[in-house]
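Understanding the architecture of this molecule
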Amino acid sequence: MKTVTLTVKKEPELYLECETLTPDAFAGKKADEIAKIPAYQGREDTTLGEYFSIAGQAGASAAETQIIINGDCSKMKYIGAKMSAGEMIVNSDTDMYTGGWMTGGKLVVKGNVHSFCGLGMEGGEFIIEGDAGNYLAASYRGDWRGMQGGVLRVKGNAGSDICTFMNGGEVIIEGNVDIHIGTHMEGGKIVVKGNANRRVGGQLVKGEIYVFGNINVMMPGFKHNRDVELEVDGTKAVFAEYLGDLGERHPKRKGETVYGKLYLKK
Amino acid sequence: MTKVVKDVICPFCGTLCDDVEITVSDDNKKIISVRNACAIGAEKFNHTSLPGRVTRPRMRQPDGTFKEVSYDEAVDWTAKTLVNARKTLMYGWASTSCQAMSVGHEIAEKIGGIVDNCATVCHGSSLIAIQDVGVPSCTLGEVKNRADRVIFWGCNPAHAHPRHMSRYSIFPRGFFTVKGHKGRKIYCVDCRYTDTARCADEFIQVQQGYDYELLNAFRTAARGEVLPDTVGGVPKEKIYEIVEELKGGRFGVIFFGMGLTHTMGRNHNIDIAIALTRDMNDFTKFNIMAMRGHWNVTGSGQVLAWQYGFPYAVDLSRRTKARYQTGETTSVDLLIRNEVDACFNIATDPGAHFPIDSVVSMSKKPTVTIDPHINMSTEISDLHIPVAMVGVEVGGCAYRMDNVPIETRKVVDPPDGMLTDVELLTKINERVDELMGAK
Amino acid sequence: MSEYIIKNGHVFDPVQKIKGDKKDIAIKDGKIVEASEVSSSAKSINAKGKTIMAGAMEIHAHVAGPKVNAGRWFRPEDKIFDSHKKPGMTRIEGGKSIPTVFKTGYEYARMGYTFAMEAAMPPLYARHVHEEIHDTPIIDEAALPVFGNNWFILEYLKNREIENTAAYIAWILNQTKGYGVKIVNPGGTEAWAWGLNCLTINDPVPYFEITPAEIVTGLMEANEYLGLPHSVHIHQNDLGNPGNYKVTLDTLRLAEKVKPKNDFGRDQVMHSTHLQFHAYGGESFANIESKAKEVMDYVNSNEAITFDTGNVTLDETTTMTADGPFEHHLCSLNHLKWFNVDVELETAAGIVPYVYSPNVSVNAIQWAIGLELALYAKDPMRCFITTDHPNAGPFTRYPRVMSWLMCAKTRNERLNTFKNADKIIDRTTLAEIDREISLYELAAMTRAGPAKSLGLSKDFGGLKPGMNADIAIYNINPEKLPTKGEDYEKAFSNVAYLFKDGKICVKDGTVVDNGQKKTFWVDVKVNPNKQVRHDVVEKFLKYYSVNEGNYSVPDDYAPHQHIISLDATHA
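This structure is a prediction, so every number in the text was calculated from the model and none was measured.

A word on the overall build of chain C
Counting its regular elements, chain C contains 17 helices and 28 strands. Computed over its C-alpha atoms, the radius of gyration of chain C comes to 22 Å, within 12% of the 25 Å expected for a compact globule of 571 residues. Principal-axis analysis of the C-alpha atoms places the extent of chain C at approximately 65 × 55 × 45 Å. Here chain C holds 571 residues, and the buried ones make up 64% of them. Sequence-distant contacts in chain C: of pairs separated by 6 or more residues, those separated by 24 or more amount to 77%.

Points about the overall build of chain A
Scanning chain A for helices and strands turns up three helices and 21 strands. Relative to a compact globule of 266 residues, whose C-alpha radius of gyration would be 18 Å, chain A shows 20 Å and is just as compact. Overall size of chain A, expressed as C-alpha extent along the three principal axes, is 60 × 35 × 35 Å. Evaluated residue by residue, chain A yields a buried proportion of 56% over its 266 residues.

Observations regarding unusual backbone geometry
Note the cis peptide between A:Gly244 and A:Asp245, where omega equals -20 degrees. Along the chain, the position of A:Asp245 falls in the loop between strand E18 (235-244) and strand E19 (252-253). The omega torsion of the bond from C:His389 to C:Pro390 falls at -5 degrees, within 30 degrees of zero and hence cis. By the element assignment, C:Pro390 lies in the loop between strand E22 (383-384) and helix H12 (398-406).

A closer look at the interface of chain C and chain B
The partner chain B presents 53 residues to the 45 residues of chain C that form the contact. Elements with a minimum of two residues in the side of chain C that touches chain B: helix H1 (66-73), strand E9 (83-84), helix H2 (101-110), helix H3 (126-135) and strand E20 (338-343) of chain C. It is E20(C) that provides the largest number of residues to the side of chain C that touches chain B, a total of six residues. Classifying every residue of the side of chain C that touches chain B by side-chain character gives 20 nonpolar, 14 polar and eleven charged. With five bridges connecting them, strand E8 (residues 134-138) of chain B and E20(C) associate as parallel partners.

A few points about the packing of helix H3 (residues 98-111) of chain B against helix H17 (residues 421-438) of chain B
Residues and elements named next belong to chain B. Here H3 crosses H17 at 20 degrees, and the two axes come no closer than 9 Å. With respect to their mutual orientation, H3 and H17 come out roughly parallel. Crossing of H3 against H17: the hand is left-handed. Within the contact between the two elements, H3 uses Gln99, Ala100, Val103, Gly104, Glu106, Ile107, Lys110 and Ile111 and H17 uses Asp421, Val422, Leu425, Thr426, Ile428, Asn429, Val432 and Met436.

Some details on the pairing of strand E1 (residues 4-7) of chain C
All names here are of chain C. Of the two faces of E1, only one is covered, namely that formed by Tyr4 and Ile6; the face formed by Ile5 and Lys7 stays uncovered. Of the pairings in the sheet, the one linking E1 to strand E4 (residues 25-28) comprises three bridges and is antiparallel in character. Paired with Tyr4 across the strands is Ile27, a residue of E4.

Things to note about the sheet that holds strand E13 (residues 182-184) of chain C
Each strand in a sheet pairs with its neighbour through backbone hydrogen bonds, running either in the same direction (parallel) or in the opposite one (antiparallel). Residue and element names in this part refer to chain C. Pairing in this open sheet of five strands is parallel, and the strands run E13-E14-E15-E18-E22 from one edge to the other. Each of the sheet's edge strands pairs with one partner strand only, and the pair in question is E13 and E22. Relative to E22, strand E18 (residues 305-308) runs parallel, the two being bridged by two bridges. Looking at E22, one finds that Asp308 is bridged to Phe384.

A word on the packing of helix H13 (residues 297-308) of chain B against H1(C)
Where H13(B) meets H1(C), the closest approach of the two axes is 9 Å, and the angle between their N-to-C directions is 80 degrees. Considering the angle they form, H13(B) stands roughly perpendicular to H1(C). Contact residues: B:Gly301, B:Gln302, B:Ala305 and B:Trp306 in H13(B); C:Asn69, C:Arg72 and C:Trp73 in H1(C).

Looking at the sheet that holds strand E20 (residues 383-385) of chain B
Residues and elements named next belong to chain B. Reading across from one edge, E5-E4-E20-E19-E18-E6-E7-E16-E17 is the order of the nine strands in this open sheet, with mixed pairing throughout. Unpaired on one side and paired on the other, strand E5 (66-68) and strand E17 (323-324) mark the two borders of the sheet. Alignment of strand E16 (residues 314-315) against E17, held across two bridges, turns out to be antiparallel. Residue pairing for E17: Val314 is matched across the bridge by Tyr324. Across the sheet, H3 touches strand E6 (88-92), strand E7 (113-117) and strand E18 (342-346), and the angle it forms with E7 is around 145 degrees. Of the strands in this sheet, E7 and E16 are in contact with H13, which crosses E7 at around 140 degrees.

Observations regarding the nonpolar core
In this structure, B:Phe256, B:Ala273, B:Val314, C:Ala109, C:Ile169, C:Leu219 and C:Ile473 are the most contacted members of the largest nonpolar core, which totals 336 residues. Residues within four places of C:Ile473 in sequence aside, it is in contact with C:Ile6, C:Gly9, C:Ala47, C:Lys50, C:Ile52, C:Val495, C:Ala496 and C:Tyr497. If you look at the next biggest cluster of nonpolar residues, it comprises 80 residues, including A:Trp101, A:Phe165, A:Leu243 and A:Leu262.

Things to note about the interface of chain B and chain A
Facing 32 residues of chain B, the contacting portion of chain A comprises 28 residues. When contributions to the side of chain B that touches chain A are tallied by element, the ones reaching two or more residues are helix H4 (124-133), helix H9 (211-222) and helix H12 (267-280) of chain B. Top contributing element to the side of chain B that touches chain A by residue count: H9(B), with six residues. In the side of chain B that touches chain A, the residues fall into ten nonpolar, ten polar and twelve charged.

As for the confidence of the model for chain C
On average, residues of chain C carry a pLDDT of 97, and 100% of them reach 70 or more. For this predicted complex, the interface score ipTM comes out at 0.97, alongside a pTM of 0.97.

Details of the environment of B:Val392
Relative to the helices and strands, B:Val392 resides in the loop between E20 and strand E21 (396-399). In contact with B:Val392, other than residues within four places in its own chain, are B:Pro11, B:Phe45, B:Thr48, B:Val411 and B:Val412.

Some words on H3(B)
Residue and element names in this part refer to chain B. Along its 14 residues, H3 runs 20 Å from first to last C-alpha, staying within 8% of the 20 Å computed at 1.5 Å per residue. Along H3, ten of the 14 residues are buried, which leaves the element largely enclosed by surrounding structure. Taken together, the buried positions of H3 are occupied by Cys98, Gln99, Ala100, Met101, Gly104, His105, Ile107, Ala108, Glu109 and Ile111. Gly112 sits one or two residues past H3 and shows a positive phi near 75 degrees.

Procedures and definitions
Residues numbered from 1 in each chain as written. Chains lettered and ligands numbered in written order. Predicted model: local features only at pLDDT ≥ 70, side-chain atom pairs only at ≥ 80, totals over all residues. Helix = DSSP H or I, 4+ residues; strand = E, 2+ residues; numbered from the N terminus. Rg over C-alpha atoms; globule rule 2.2 N^0.38 Å. Buried ≥ 20, exposed ≤ 12 C-beta atoms within 10 Å, placed from the backbone. Contact = placed C-beta atoms within 7 Å. Nonpolar A, V, L, I, M, F, W, Y, C, P; charged D, E, K, R; others polar. Pairing = 2+ DSSP bridges. Axes fitted to C-alpha atoms, helices over the stretch in contact; angles between N-to-C directions. Parallel < 35°, antiparallel > 145°, perpendicular 65-115°, else oblique. Left-handed = near helix turned anticlockwise from the far one by under 90°. Core = buried A, V, L, I, M, F, W, Y, C linked by C-beta atoms within 7 Å. pLDDT = per-residue confidence, 0-100. Expected span 1.5 Å × (residues − 1).

Rendered as structure tokens:
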């Protein structure tokens, strides 16, 4: 694996759109070629080289490429979006769409990320060491195909509307979350190790949500089924299992209705 | 001699009443009287002759005062601002014609603007709910002719859409509704007792911020599942009772407003209200409709949709593609995050409606406001360009809250020499072409 | 205006029965003329080794209007990664299954199309339809107002009042700048206003005491009473359901009772649209099978019928139709988002996204049925290729559909590689068909045929001197035909040249001129009719939510009108 190191040399005046900042776009390129890769600030077409000093070189393929980014990226969008392989480490906060639609590889953001990160994620590993904004791992507007696969871990808190229309994969929030968690979810697994505010599992069709802390207000469409001992992300405990959303449609399998499940740690 | 103009369309709210009759002086200069319109609508027509109306562009001077300039100077300044900016917010559009929007979008596509309308602070949340789950709906005439269960949820047409109840939803007699009000059961769900609640047969007081939970309870009850004793302050017995009444109707409709779109959860409140409506179609006929505010905000969504595929917050800044994301390309977010470097307001007043932080942000950028009147936005702008009032001094197409398009009528002449939106935008477009050709 | 002479190309023109002969085509003042009529300064285009046809004519697509636009805006995911600015004189083009107006005009033009019929215009929303048509570049367009569930029609035909029906049709065509009589799920959509449906042609319409059969027959009679250029254009009852071919045959047989009467050279009294959706056997989706053969045996035998195919393209798309109850049904099957609008006194519309997957047997069977219909058609002048855009797939897939029809190898490769290929082959007859549609037949199916069915054959759909100079030149050498389907697909996707009204609008797939699109509509003069006038006044006063004075489409919505005027006053 070869490493490219990018260091921010100029802060964008507005916001920099750099969907080209991925191992896929860098693969097979040397530093001077990477510098010429386009980036955008509104109507202005610019290059990565304009905003970053670039050292090292990429591997022959995305899988053989590691990208390390230093400096303040808090006004940069789409970092790691659609990446399919390789590794990225961002030593900064980042803006929207970080890791959006990623299908593989590993993306680590050492700071906070803004909204729409991990949007429509299909695979790979995405670790956010700080907090995440809203619409984490949600679907793009209108799409019924939200997160499909992969693992997304947030070590801090996350905002609202996370995991909307989730179909697969796993999201772990080690801190707290705000409202509307797993809305319209039809598969996959969400683990919230802190507290959840309200509206957890609204319109839940299928899938599992685990909350270790408190939920401020339970949805009326959930009913207690049983207590069960489980090991969830390394924690063994007794959980109260709720079935829901009873107001929503549910598929049938072998004549049995399949409900979504909400587990609340006792 | 005076003359009467009939079938006039009221350019105030999304109800778009089209039966207004206006008496004008025989020289087409002055409105003498307005019939059939509500108090707000009548005032809108009378605005044309308010004293102190600005009839020529005004440019901000270094000392903060405005100085009158010619339309040519105003067009030049505007075009230069648009061409020099990297990303311009082009906001408003809700009180102009679809024809004007088309010209505006052509400019936006050239200069890399972001075109947003006032759905962004209004029913945008309804639009994103519909993008997520669709919507079963109908035209307002269907409500008049068929509805026997009418629910007003988080809206107050008695104040915001004053003739809605008499024209479409509560009182009119239609083909299958010969008993008018007597044949309909009216429900009002709100966190406070409004004047609309006063017209309802049943008022359901929901605890503020519990609409989503209450709607979830309605859906759960409709499927015959158990409920907690109360939800959002409403006893479960009441919820079961109402659900049975709704199922027993022939044709139900839910009208909703800011009480759902702008309380906690926003689009999700609409989303689940739509889901309830969908469920009800397994038992009877049920529809749902947003009470759109500005008279042609719906039209802006329509034109943006057929040209770019998105109903508001359309980001053309790359000039090679159109993008859309509520929370990113929406005006308030763009301003608060300082993502744009110039502002172009037309036919809506962000100064009056936006959160203060975004208004402050706007005031620090080069800003032009195109509006017939002095408003809060003109006062923070570098340039105010007055134009003829669409729907009063010039015609043009508008879309009603149920998406029915109606061509508005010219009733009186605009003040001498005053441009219409279409004329002004066409001039700006031509000047932009000249400037960009020269670059 | 410029003069052109297109030299050395292979001409395919059923109007003149030219089957690929080398022939020069001359253009002057927007018309095709004899080669001797252009001056020596005419610009010469070398079409050596290329195929020349008239501009193609789309007879049925949902390309403009309220439901198309709802489909656009409620599906942002349809264009999140599909919005581009292409080279040429173009605006940004967006959308896969429901393209924006700009993309719609450009893509049709790039494929060699110069006319498109918007298949369903709710009269109350006519202004919206015309606003979109206005903004769609290059291609000529017209729109068919829907009548099959209109209260006026239901009330008149309950009493078999053909003259009143005809007078009302004439009034609506005038008010909406409409082209002809569209029927969608007759009676069923009115029933849908109460959440019900009419699934056979004999199901009574709630309250109105009339059956779909009576509606269809009455509208055919009124259509011929007026002598409109196009016949009634019908989307039948029970669309999309297994076993529906019986309802289809019942409906088609209604055409036996009515004779064509018009001055436009049209021979049919019924155009049956997207027949693929109406040719299903079996009792459920578990045992659905093709009845294309049975349906086509009848269609081939009755010259009073034209039809279009509605080919499934195996794409993710957006279904949309005035068949409101069908969309509700579809949403209960796939659970995706559902948009519905009921339109007072007139119609309804529903929209549901749908993914046609090659791995789903039902979808693969639908794909086969669409192709079978065209391949069983004995008269290419009565069979037209459509995808019922966007219902069975986006119109941008026409080149691929053509490649399946023209190249048996490509078609069989597709058939044999379905996940459940054995089942598909068993439930359909496609594997037994080796017919390949020729370029000449294609010209009939996409040019001369639709033009004749629409009553436009005098000026459009052919290359005879005197006809409008709408001409497509393709990179296909008839002397060395492509052996691979994908070569056909490539050639049909991007014309070498497209002339519209005698101007080059597309060159090598790039838009070079936005042309001057026209809106076609039919203006019929009828005897003054007090009854209809009275009913119009009453219905607007009591039941409509707009005033009559605000119902019509203002002239400036369609700045370039091609008005077909006819006199249907009866002594």
